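Breakdown of the fold
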Amino acid sequence: MALIDIGVNLAHDSFDRDRPEVIARALAAGVVQMIVTGASGESTRRAIELAESHPAKLFATAGVHPHHAAELDGELAAELEELAARPSVVALGECGLDYYRDFSPRDAQRRAFVRQLELAARIGKPVFLHQRDAHADFTAILREHRRALVGGVAHCFTGSAAELEETLSLDLAIGITGWICDERRGAHLRPLMRDIPAARLMIETDAPYLLPRDLERKPASRRNEPAYLAHIARVVARARGVEFGALAETTAAAARALFGLPSPLMRDLELHE
Ligand SMILES: [Zn+2]
């Protein structure tokens, strides 16, 4: 079994006291590769540092989350372009629109989003996309830029059947988090799992956020971590009506193809047999 967590905020300060243990627990739980999300200038720098000190296991994204959109000035954009070109960076993002929190003004969000899409197109790397309560604007902007992009994933997809159809029609991959484990707000996602082509379905924890609600033994801290990816994989496998092993294999292959990840080292795989 070899799972890939395509979205883990390992640079987050909630991991400062025990990051090596968190990474070790993930590897021991069969999460052989992780993509560390960059969500601001600062977290992108930290994500890259982490990725480069764990080659072939950790990778990074470079980007500015819509919450931080107002911070994306010319100087940060130039730095981002430089950072995004590094081999450890496998995608631009997370970028997109978040009209739920509106931490940055919406016009600043749209500007920062477009800027990052253009950057991704220029350097030929896929995009790691965030969208909340902004589906119409998000798809309209993507429709304009999709042709120039090599690919992308709608990370933490939580939308409706119609939104899924529209996202798939943009030829994007879908990232599923532990949101699907929430019987109150995530139940609608389960029947949609069969509608996602295997080559475009990926899984992620979004740790430290979104601790799966139905975990049998929840940590007192309520902090999510990448070791719980196997739990999410089991829920998604059940919803698709496939074996856990098959889901692990197809989601890892899909992630490896989109982000151009190398195969995990044999000795890491053997740990889990
Ligand atoms: Zn996000």
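One structure accompanies this document, and this report is about it. (Residues numbered from 1 in each chain as written. Predicted model: local features only at pLDDT ≥ 70, side-chain atom pairs only at ≥ 80, totals over all residues. Heavy atoms only, no water.)

Moving on to the nonpolar core. Membership of the largest hydrophobic core comes to 73 residues, with the highest contact counts inside it found for Leu10, Met34, Phe113, Leu129, Leu142 and Val236. Of all the elements, helix H7 (residues 229-240) adds the most residues to this core, at 8 residues. Beyond its immediate stretch of four places on either side in the chain, Leu10 contacts Phe15, Arg19, Val22, Ile23, Met34, Val36, Leu50 and Leu58. Formed by 15 residues, the second largest nonpolar core is a distinct cluster that contains Ile4, Ile35, Phe128 and Val153. (Core = buried A, V, L, I, M, F, W, Y, C linked by side-chain atoms within 4.5 Å. Buried < 20%, exposed > 50% of the residue type's maximum accessible area, 1.4 Å probe, protein only. Helix = DSSP H or I, 4+ residues; strand = E, 2+ residues; numbered from the N terminus. Contact = heavy atoms within 4.5 Å.)

With that settled, the discussion passes to helix H5 (residues 135-145). For an α-helix the count is 3.6 residues per turn, leaving residues at separations of three or four pointing the same way. Looking at H5, one finds that the buried residues are His135, Phe138, Thr139, Ile141, Leu142 and His145. Each buried residue of H5 lies within a common arc of 165 degrees when the element is viewed along its axis, so the set occupies one face. Exposed and oriented more than 90 degrees from the buried face of H5 are Ala136 and Glu144. (Arc of directions from axis to C-beta.)

Further remarks concern the sheet that holds strand E3 (residues 58-62). Taken in spatial order, the 8 strands of this open sheet run E1-E2-E3-E4-E5-E6-E7-E8, and their pairing is parallel. A single partner strand is all that each edge strand has here, and the edge strands are strand E1 (3-8) and strand E8 (201-203). On average, each strand axis in the sheet is tilted by 30 degrees relative to the strand beside it, whichever way the strands run. Of the strand pairs in this sheet, E3 and strand E4 (residues 89-98) are connected by 3 bridges, and their pairing is parallel. Counterpart to Ala60 in the pairing with E4 is Val89. (Pairing = 2+ DSSP bridges. Axes fitted to C-alpha atoms, helices over the stretch in contact; angles between N-to-C directions.)

Okay, the packing of helix H2 (residues 41-53) against helix H3 (residues 74-84) next. Between H2 and H3, the shortest axis-to-axis distance is 11 Å and the interhelical angle comes to 15 degrees. Taken together, the axes of H2 and H3 are roughly parallel relative to one another. Read as a crossing pair, H2 and H3 show a hand that is left-handed. For the pair H2 and H3, the contacting residues are Gly41, Thr44, Arg45 and Ile48 in the first and Leu76, Glu79, Leu80 and Leu83 in the second. Looking at side-chain class alone, the contact of H2 with H3 contains 4 nonpolar, 2 polar and 2 charged residues. (Parallel < 35°, antiparallel > 145°, perpendicular 65-115°, else oblique. Left-handed = near helix turned anticlockwise from the far one by under 90°. Nonpolar A, V, L, I, M, F, W, Y, C, P; charged D, E, K, R; others polar.)

Moving on: the coordination of the zinc ion. Coordination of the zinc ion by the protein involves Glu94 (OE), His130 (ND1) and His155 (NE2), with metal-donor separations of 2.2 Å. His130 gets classed as buried once you look at its relative accessible area, which sits at 13%. (Donors = N, O, S within 2.8 Å, 3.2 Å for Na, K, Ca; no water.)

It is worth spelling out the environment of Ile4 at this point. Mapped onto the secondary structure, Ile4 falls in strand E1. The buried category is assigned to Ile4, whose relative accessible area is 1%. With 70 residues separating them in the primary sequence, Ile4 and Gly74 have C-alpha atoms 34 Å apart.

The next subject is the side chain of Ser88. When you line up the elements, Ser88 lands in the loop between H3 and E4. Every residue in contact with Ser88, bar those within four places of it in the chain, is listed here: Ile48, Ala51, Glu52, Phe59 and Ala60.

Looking now at the pairing of E1. Counted residue by residue, E1 has 6 buried out of 6 residues, so it is predominantly covered. The handedness of the E1 to strand E2 (residues 31-36) crossover, carried by helix H1 (residues 19-28), is right-handed. (Right-handed = clockwise from strand over helix to strand, strands pointing away.)

It is worth spelling out the packing of aromatic side chains at this point. Under the criterion given, the structure shown has 1 aromatic pair. In this structure, Arg132 packs its charged tip against the face of Tyr100, placed 3.6 Å from the ring centre. Across from the ring centre of Trp179, 3.7 Å away, lies the NZ or CZ of Arg185, which sits over that ring. (Phe/Tyr/Trp six-rings, centres within 6.5 Å; stacked < 30°, edge-to-face > 60°. Lys NZ or Arg CZ within 6 Å of the ring centre and 35° of its normal.)

A separate point is H3. Taken residue by residue, H3 has Leu76, Ala77, Leu80, Leu83 and Ala84 as its buried positions. Projected down its long axis, H3 shows its buried positions confined to an angular sector of 125 degrees, all on one face. H3 presents Glu75 and Glu82 as exposed residues on the side facing more than 90 degrees away from its buried surface. Of the surrounding secondary structure, the elements contacted by the buried residues of H3 are H2, E3, E4 and helix H4 (106-123).

Take it as geometry only, folks, not as evidence of what the structure does.
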